[in-house]
Amino acid sequence: MLYRLKTDFRLSIITFLAISGLVGISPFAVMRFVQGDVLAGAVDLTIMFSVTMCMVYAWVTGDTARSGLFMAVVACVGAVTSGAVVGEAGLFWLYPCLVTSFFLTEPRYAVFINLAAVIALMAHGVAFSSPVQMWSFAATALVVSCCAYAFAHRNESQRERLEHLATIDPLTGVKNRRSMDEELAMAVASAARTGVSYGLVLLDIDHFKKVNDQYGHGVGDEVLRDLVALIEKNIRRSDQLFRFGGEEFVVLMTGVDQTGLRTVMHNLQQIMDRFLKHPGGKVTASFGVAVLKTGEDPESWLARADEALYRAKASGRDQIVYADDGVAGETAAEIA
Ligand SMILES: Nc1nc2c(ncn2[C@@H]2O[C@H](COP(=O)(O)OP(=O)(O)OP(=O)(O)O)[C@@H](O)[C@H]2O)c(=O)[nH]1
């Protein structure tokens, strides 16, 4: 739970706002009912119920885009209704709503929601004691919205940049090991939920140290980039490639069974055999392949692929070894 709060910015905002909204509004709801103002109390209760539902929906489905948008609408509609029901005192509630809209949903929706809320309150007019107060409210609401927009926009672009730095390998441009851990966990969860099968390929370039030593690191880097380009060109859009570390890569394949996986792997090995080169000749790789078993966790899945890769290296490299096969794999030359 804490992990999701730390990694999902919008979910954390939705949760924080829902909880602070509940804490902030509940004393007023109690006060309204005690004072006999049932309508205002009912408005408060409806807002509290709606924000709670938004938060629960976000946690259960992970759909923070929809729940964030709905929460922004609920908050602004609630603030406008409060202003209309209790008058001037209700106006203040719109300010936090104008700010938080930009953190809950996309700027274009937030601008629309904020404008609609301010115009609705002004058109209703009852909450204002004078035209000067009404226009002062409009002007301050505009300033607050502009500042919130600028801040949220900057925050979003910095967050995207940090996320890119944290998840993408700078040399090859593919996702790094950190992203892989998350994607494997998601694949395991999806397999348990939907029954879709997943295959994991651990690929390690053979004798890569020699390439670096003989031709320099620049050439080594070029081989890594060529390998990535070649794999990306030859896997499906739903498959994902990660740099596991150094000269080791992982391909996560979706919707493949044992037979399909063997065909894909043989094709991939053939393509590498034909096209992946360094100045002195061919570049080969060893592969460890494991299909996710029912109820298996990501660690054991990866460990089985790693063990298969170890066997591929140990039995002469340039091999594909399937976990739990118990036999050595085939070289590209044997398949051809
Ligand atoms: N050019 C380049 N080399 C890298 C990079 N990351 C790791 N390496 C090199 O990859 C080499 C890996 O060497 P080893 O672990 O001995 O593996 P190997 O030579 O491929 O031998 P086997 O895997 O046993 O076939 C080392 O020389 C690392 O310096 C990188 O980003 N660029």
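Once a new chain begins, its residue numbering starts again from 1 and follows that chain's sequence as written. Selection of residues for local features in this predicted model requires a pLDDT of at least 70, selection of side-chain atom pairs for listing and counting requires 80 or more, and totals for whole chains, interfaces and linings are taken over all residues.

Here's the deal with the overall build of the protein chain
Part 1: Each helix and strand counted, the protein chain has 14 helices and eight strands in total.
Part 2: Around each residue's C-beta, the other C-beta atoms within 10 Å are counted; 20 or more make the residue buried, 12 or fewer make it exposed, and counts in between make it partly exposed. All C-beta atoms are placed from the backbone. A buried classification covers 35% of the 336 residues belonging to the protein chain.
Part 3: Note on contacts: each residue gets a C-beta atom placed from the backbone, and two residues are in contact if those atoms are within 7 Å. Of the contacts made within the protein chain by residues no fewer than 6 positions apart, 63% connect residues no fewer than 24 positions apart. Numbering goes from the N terminus for both helices and strands, where a helix is a DSSP run of H or I of at least four residues and a strand is a run of E of at least two.

Here we look at the packing of helix α6 (residues 94-104) against helix α7 (residues 107-124)
Part 1: An axis is simply a line fitted to the C-alpha atoms; with a helix, the fit covers only the stretch in contact. Between two such axes, the angle follows the N-to-C directions and lies from 0 to 180 degrees. Between α6 and α7, whose axes approach to 8 Å, the crossing angle comes to 160°. One element, α6, and the other, α7, form an angle in the roughly antiparallel class. Every pair of crossing elements has a handedness; the one defined by α6 and α7 is right-handed. In this structure, α6 uses Leu-94, Leu-98, Ser-101 and Phe-102 to contact α7, whose residues at the interface are Pro-107, Ala-110, Ile-113, Asn-114, Ala-117 and Leu-121. If an angle is under 35 degrees, it is roughly parallel; if it is over 145, roughly antiparallel; if it lies from 65 to 115, roughly perpendicular; otherwise it is oblique. In a left-handed crossing the near helix is turned counterclockwise from the far helix by less than a right angle, and in a right-handed crossing that turn is clockwise.

Quick look at the site of the ligand
Part 1: Among the 16 residues in the neighbourhood of the ligand, the closest are listed as Phe-208, Lys-209, His-217, Gly-220 and Gly-246.
Part 2: Elements supplying a minimum of two residues to the shell around the ligand: β1 (198-205), α10 (208-215) and α11 (217-234).
Part 3: For the shell around the ligand, the element with the most residues is α11, which contributes four residues. Whether a residue is near a molecule or strand depends on its C-beta atom, generated from backbone atoms, being within 6 Å of that molecule or strand.

Brief notes about α11
Part 1: The end-to-end C-alpha distance of α11 is 26 Å, a good match for the 26 Å that 18 residues give at a rise of 1.5 Å each.
Part 2: All of the buried residues along α11 are Gly-220, Val-223, Leu-224, Leu-227 and Ile-231. Projected down its long axis, α11 shows its buried positions confined to an angular sector of 100°, all on one face. In α11, those exposed residues whose orientation departs by more than 90 degrees from the buried face are Gly-218 and Lys-233.
Part 3: Of the surrounding elements, those touching the buried residues of α11 are β1, α10, β2 (240-245), β3 (248-254), α12 (258-275) and β4 (277-278). Given the number of residues in a helix, its expected span is that number minus one, multiplied by 1.5 Å. What the arc measures is the spread of directions leading from the helix axis to the C-beta atoms.

With respect to the UniProt feature "transmembrane region" (unreviewed entry) in the protein chain
Part 1: The sites that carry the UniProt feature "transmembrane region" (unreviewed entry) are, in the present numbering, residues 12-31, 38-60, 72-97, 109-128 and 134-152.
Part 2: End C-alpha to end C-alpha, residues 72-97 measures 7 Å, and it is 88% helix and 0% strand.
Part 3: Along residues 134-152 the backbone is 100% helical and 0% strand, and the end-to-end C-alpha distance reaches 27 Å. UniProt positions are given in the numbering used here, feature names are shortened, and annotations may be inferred rather than shown by experiment.

Notes on the nonpolar core
Part 1: By convention the nonpolar core is taken to be a set of buried residues drawn from Ala, Val, Leu, Ile, Met, Phe, Trp, Tyr and Cys and joined through C-beta atoms within 7 Å. Counting residues in hydrophobic clusters, the biggest one holds 44 residues, and the most contacted among them are Leu-200, Val-201, Val-250, Phe-287, Val-289, Ala-305 and Ala-308.
Part 2: Residue assignment for this core shows that the elements contributing at least two residues are α9 (177-194), β1, α11, β3, α12, β6 (285-291), α13 (298-314) and β7 (319-322).
Part 3: Apart from residues lying up to four places away in sequence, Val-289 is in contact with Gly-199, Val-201, Leu-261, Met-265, Ala-305, Ala-308, Ile-320, Tyr-322 and Ala-323.
Part 4: Leu-17, Leu-91, Ala-117 and Ala-148 belong to the second-largest nonpolar core, a separate cluster that totals 40 residues.

Here's the deal with the confidence of the model for the protein chain
Any segment with low pLDDT has predicted coordinates that should not be analysed in fine detail.
Part 1: Per-residue confidence from the prediction method is given by pLDDT, with values spanning 0 to 100. Residues of the protein chain with pLDDT of at least 70 account for 97%, and the chain-wide mean is 91.
Part 2: Per-element confidence in the protein chain ranges from a low mean pLDDT of 49 for helix α14 (residues 332-335) to a high of 97 for β3.
Part 3: We note a pTM of 0.69 for the whole complex and an ipTM of 0.95 for its interfaces.

What about α9?
The α-helix advances 3.6 residues per turn, and as a result positions three or four apart in sequence lie on the same side.
Part 1: The end-to-end C-alpha distance of α9 is 25 Å, a good match for the 26 Å that 18 residues give at a rise of 1.5 Å each.
Part 2: For α9, the elements touching its buried residues are β1, β2, β3 and α13.
Part 3: Positioned one or two residues after α9, Gly-195 has a phi angle of 80°, which is positive.

Remarks on the packing of helix α2 (residues 9-34) against helix α4 (residues 64-86)
Part 1: Contact geometry of α2 with α4 gives a least axis separation of 10 Å together with a crossing angle of 35°. Seen from above, α2 lies across α4 with left-handed handedness. In contact with Arg-10, Leu-11, Ile-14 and Leu-17 of α2, α4 contributes Thr-64, Ser-67, Gly-68 and Met-71.
Part 2: Looking at the contact of α2 with α4, its residues break down into four nonpolar, three polar and one charged. As a working rule, the residues Ala, Val, Leu, Ile, Met, Phe, Trp, Tyr, Cys and Pro are called nonpolar, Asp, Glu, Lys and Arg charged, and the rest polar, with Gly in that last group.

Observations regarding the pairing of β7
Every regular strand shows the same layout, with side chains that alternate between the two sheet faces.
Part 1: Of the two faces of β7, the one lined by Gln-319 and Val-321 and the one lined by Ile-320 and Tyr-322 are each fully buried.
Part 2: The rule for pairing is simple: two strands pair if DSSP sees at least two bridges between them. Sheet topology places β6 next to β7; three bridges connect them, and they run parallel. The residue of β7 that forms the bridge with Gly-288 is Val-321.
Part 3: In the classification by handedness, the crossover that spans β6, the intervening α13 and the parallel β7 is left-handed. With its strands directed away from the observer, a crossover is right-handed exactly when the path from the first strand over the helix to the second travels clockwise.

What about the pairing of β1?
Part 1: Counting buried positions along β1 yields eight of eight residues, so the element is predominantly enclosed.
Part 2: Of the two faces of β1, the one lined by Tyr-198, Leu-200, Leu-202 and Asp-204 and the one lined by Gly-199, Val-201, Leu-203 and Ile-205 are each fully buried.
Part 3: Pairing of β1 with β3, which is carried by seven bridges, proceeds in the antiparallel orientation. Across the sheet, residue Leu-203 finds its bridge partner in β3, namely Phe-249.
Part 4: Here β1 pairs with β6 via seven bridges, running antiparallel. The partner of Leu-200 across the bridge, within β6, is Ala-290.

Comments concerning unusual backbone geometry
Part 1: Phi at His-207 is positive, roughly 50°, even though this residue is not glycine.
Part 2: Within the chain, Arg-317 stands out as a residue other than glycine whose phi angle is a positive 70°.
Part 3: On the neighbour-count criterion, Arg-317 (15 C-beta atoms within 10 Å) is partly exposed.

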